[in-house]
Amino acid sequence: MILGALSASDDPYLLSHVYPIGSRVNNRGHLEIGGCDAVELAYEFGTPAYVVSEDDLRARARAYTRGLAARNPDCDVLFASKAFPCTAVYRVLAEEGLACDVASGGELALALRGGFDPARIYLHGNAKSVEELEFALDAGVGHIVLDSLHDVERLEQVVAARAAGAGSGFIQDVLIRITPDVSGNTHAAISTGQADSKFGFGLADAPLAIERIAGSPHLRLVGLHCHIGSQLLELDPFIRAVTALATLGDYDVYNLGGGLGVAYVEAQEPPSIAGYVTTLANTAHAALGPGKRVLIEPGRSLVANSTVTLYTVQTVKRNVSTWVAVDGGMSDNLRPMLYGARYEAAVAGRMLERHMEICHLAGKHCESGDVIIRDIPLASPVPGDIIVTPATGAYGYAMANNYNGVPRPPVIFCKDGDARLVVRRETYDDLMGRDVE
Ligand code: LLP
């Protein structure tokens, strides 16, 4: 017998920990997220749809802010907003007191719209344009994280031109990104700490950049940043990275990046947020000395498990395998195709069904690679069934696209049994909205 979405415990109503906190199976045997019946949500809002448990988002945000503050009082938790750049998500995390990491002018615009204090926004990027730097300075962004000597030069020129124009001695606070030659066990496309990286300064090159900034009348180097990669399920690489930073001198501020992995499938047991921040704070204390300001930048581990995607089965085909095709796919979740990422799935209206058939969950896009999950046990799906894939909050909406002219899905926030649409579904008119003739 295969238990599918249910955890292998005795309690038939207990869902695996990949689902949002507070999710359950109701007495109709349907999945419930934030107190809302997932099948009813699918009928009301259509599919595909991203369904977010607001309480889950807030609970993880608090685990981060309280956990780090308890261990290193001078600290800030930055939402790495590339993970879920949706205004309503920025808004909730700003309300929860987080600061924000943006990696482009577009993310900066969204963060401002979501209510973040510009002084607590950090602008990243390995290829920032003059326009993006101008925008950041206009907005009063607190810190810019510099990534290369050209980046240093470009920012210096932009700040100098302003200072000259205004006749003032404005100085921009900056950090520099260090690539500490540490790689974790993750997909190569999301590993960033290795020496040969497009990001940051290697340990050997950093002293020159530090000296260069120290000599600038327009920039103030407040500290170092590093981010070694994403979806890391072990803590040891983080320890090695912090230890490497310590070789570069003594600073007031250390931004230790993001990268904590999450469970996409039940068998994965990532370190807890509390365990992760404790390790970071202890390592910072031991390697960098007491009293440092410690910043961290979680993305995935804040948002991934807050969200599920709902789809509707369109067709079921049995040839060599059983192919269950739904109304979304690589336009709403590119991760299986880009990184071979594994997800779980269930029939949201038959969560207690024990009889399972092994299926391939296929998307609707015109290529064979558009398979969301291979070899997944599902409760004998038929057209019209609602399928749920949990843990889609990180980099799903963020990397959504219009392949095959498929409109991007809506985002629905659920809390205490109320569902609210925070991003509407794209329309066919939206697909033509940028045409100029
Ligand atoms: N800080 C910096 C500078 C980053 O580049 C990233 C992620 C983070 C923080 C947040 O990392 P997280 O806590 O989310 O692991 N599209 C890929 C993930 C790319 C991550 C890019 N940088 C995926 O879907 O797996």
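Fair warning: this is a prediction, and the values are worked out from it, not measured in the lab.

**What to know about the site of the ligand**
In the vicinity of the ligand lie 21 residues, with Ala80, Ser230, Gly258, Gly299 and Tyr395 positioned nearest. Put simply, the parts of the chain that give the shell around the ligand at least two residues each are α10 (300-303) and α11 (335-339). A breakdown of the residues in the shell around the ligand according to their chemical character gives 7 nonpolar, 9 polar and 5 charged. The two domains that each donate at least three residues to the shell around the ligand are domain 1 (24-53 + 305-431) and domain 2 (124-298).

**Topic: the domain arrangement of the protein**
Taken as a whole, the protein is organised into domain 1 (24-53 + 305-431) and domain 2 (124-298). Contact residues are listed per partner, giving 8 residues for domain 1 and 8 residues for domain 2. Class assignment for the residues of the side of domain 1 that touches domain 2 results in 5 nonpolar, 1 polar and 2 charged.

**Let's talk about the nonpolar core**
Core analysis: the largest hydrophobic core is formed by 123 residues, its most contacted members being Ala38, Val51, Ile176, Leu310 and Ala348. Top contributing element to this core by residue count: helix α9 (residues 273-288), with 7 residues. When residues of this core are sorted by domain, at least three fall in each of domain 1 (24-53 + 305-431) and domain 2 (124-298). If near-sequence neighbours (up to four positions away) are discounted, alanine 38 is found in contact with His30, Leu31, Glu32, Ile33, Val51, Leu310, Ala348, Ile386 and Val388.

**A few points about the environment of arginine 425**
Among the structural elements, arginine 425 can be located in the loop between β21 (418-423) and α12 (428-431). Placed 379 residues apart in sequence, arginine 425 and glycine 46 show a C-alpha to C-alpha distance of 8.8 Å. Non-local contacts of arginine 425, meaning those with residues more than four positions away in its chain, are made with Gly46, Pro407, Pro409 and Pro410.

**Overview of the sheet that holds strand β1 (residues 24-25)**
Whenever strands of a sheet pair, they do so through backbone hydrogen bonds, lying parallel or antiparallel. With antiparallel pairing, the 3 strands of this open sheet are ordered in space as β1-β2-β3. Pairing within the sheet leaves two strands with one partner each, and these edge strands are β1 and β3 (36-37).

**Things to note about the environment of alanine 346**
Turning to its location among the elements, alanine 346 is positioned in strand β16 (residues 346-347). As a C-alpha pair, alanine 346 and isoleucine 387 span 41 residues in sequence and 5.7 Å in three-dimensional space.

**A closer look at the environment of alanine 391**
Within the secondary structure layout, alanine 391 lies in the loop between β19 (386-390) and β20 (411-415). The exposure class of alanine 391 is buried, given the 29 C-beta atoms found within 10 Å. Alanine 391 sits 88 residues away from valine 303 along the chain, and the two C-alpha atoms are 8.4 Å apart. When sequence neighbours within four positions are dropped, the list of residues in contact with alanine 391 reads Val18, Val262, Ala263, Tyr264, Ala304, Asn305 and Tyr343.

**Observations regarding the packing of helix α4 (residues 105-113) against helix α5 (residues 130-139)**
Put simply, α4 and α5 touch, their axes get as near as 9 Å, and they point 20 degrees apart. Of the possible angle classes, the one that applies to α4 and α5 is roughly parallel. Seen along the crossing, α4 lies across α5 with a hand that is left-handed. Touching Gly105, Leu108 and Leu112 of α4 are Glu131, Glu132, Phe135, Ala136 and Ala139, all from α5.

**Looking at the pairing of β20**
Taking burial as the measure, the 5 residues of β20 include 4 buried ones, the bulk of the element. Alignment of strand β4 (residues 49-53) against β20, held across 4 bridges, turns out to be parallel. Bridge pairing in β20 links valine 51 to isoleucine 412. With 5 bridges connecting them, β20 and β21 associate as antiparallel partners. For lysine 415, the partnering residue across the bridge sits in β21 and is aspartate 418. Between β20 and the antiparallel strand that follows it, β21, lie 2 residues; aspartate 416 among them carries a positive phi value of about 50 degrees.

**Here we look at the packing of helix α2 (residues 54-71) against α9**
Direction vectors running N to C along α2 and α9 enclose 30 degrees, while the axes themselves pass 9 Å from each other. Overall, the two elements α2 and α9 adopt an arrangement that is roughly parallel. Of the two possible hands of crossing, α2 and α9 adopt the one that is right-handed. Contacts between α2 and α9 involve Arg60, Ala63, Tyr64, Gly67, Leu68 and Arg71 from the first element and Ile273, Ala274, Val277, Thr278 and Ala281 from the second. In terms of residue class, the contact of α2 with α9 is built from 7 nonpolar, 2 polar and 2 charged.

**Examining helix α7 (residues 206-214)**
Within α7, the full set of buried residues consists of Ala206, Ala209 and Ile213. Looking down the long axis of α7, one finds its buried residues gathered within 65 degrees of arc, a one-sided arrangement. Among the exposed residues of α7, those oriented more than 90 degrees off its buried face are Pro207, Leu208, Glu211 and Ala214. Tucked inside the fold, the buried residues of α7 contact α6 (149-166), β9 (172-179), β10 (201-202) and β11 (219-225).

Procedures and definitions
Residues numbered from 1 in each chain as written. Predicted model: local features only at pLDDT ≥ 70, side-chain atom pairs only at ≥ 80, totals over all residues. Near = placed C-beta within 6 Å. Helix = DSSP H or I, 4+ residues; strand = E, 2+ residues; numbered from the N terminus. Nonpolar A, V, L, I, M, F, W, Y, C, P; charged D, E, K, R; others polar. Domains from an automatic or database assignment. Contact = placed C-beta atoms within 7 Å. Core = buried A, V, L, I, M, F, W, Y, C linked by C-beta atoms within 7 Å. Buried ≥ 20, exposed ≤ 12 C-beta atoms within 10 Å, placed from the backbone. Pairing = 2+ DSSP bridges. Axes fitted to C-alpha atoms, helices over the stretch in contact; angles between N-to-C directions. Parallel < 35°, antiparallel > 145°, perpendicular 65-115°, else oblique. Left-handed = near helix turned anticlockwise from the far one by under 90°. Arc of directions from axis to C-beta.

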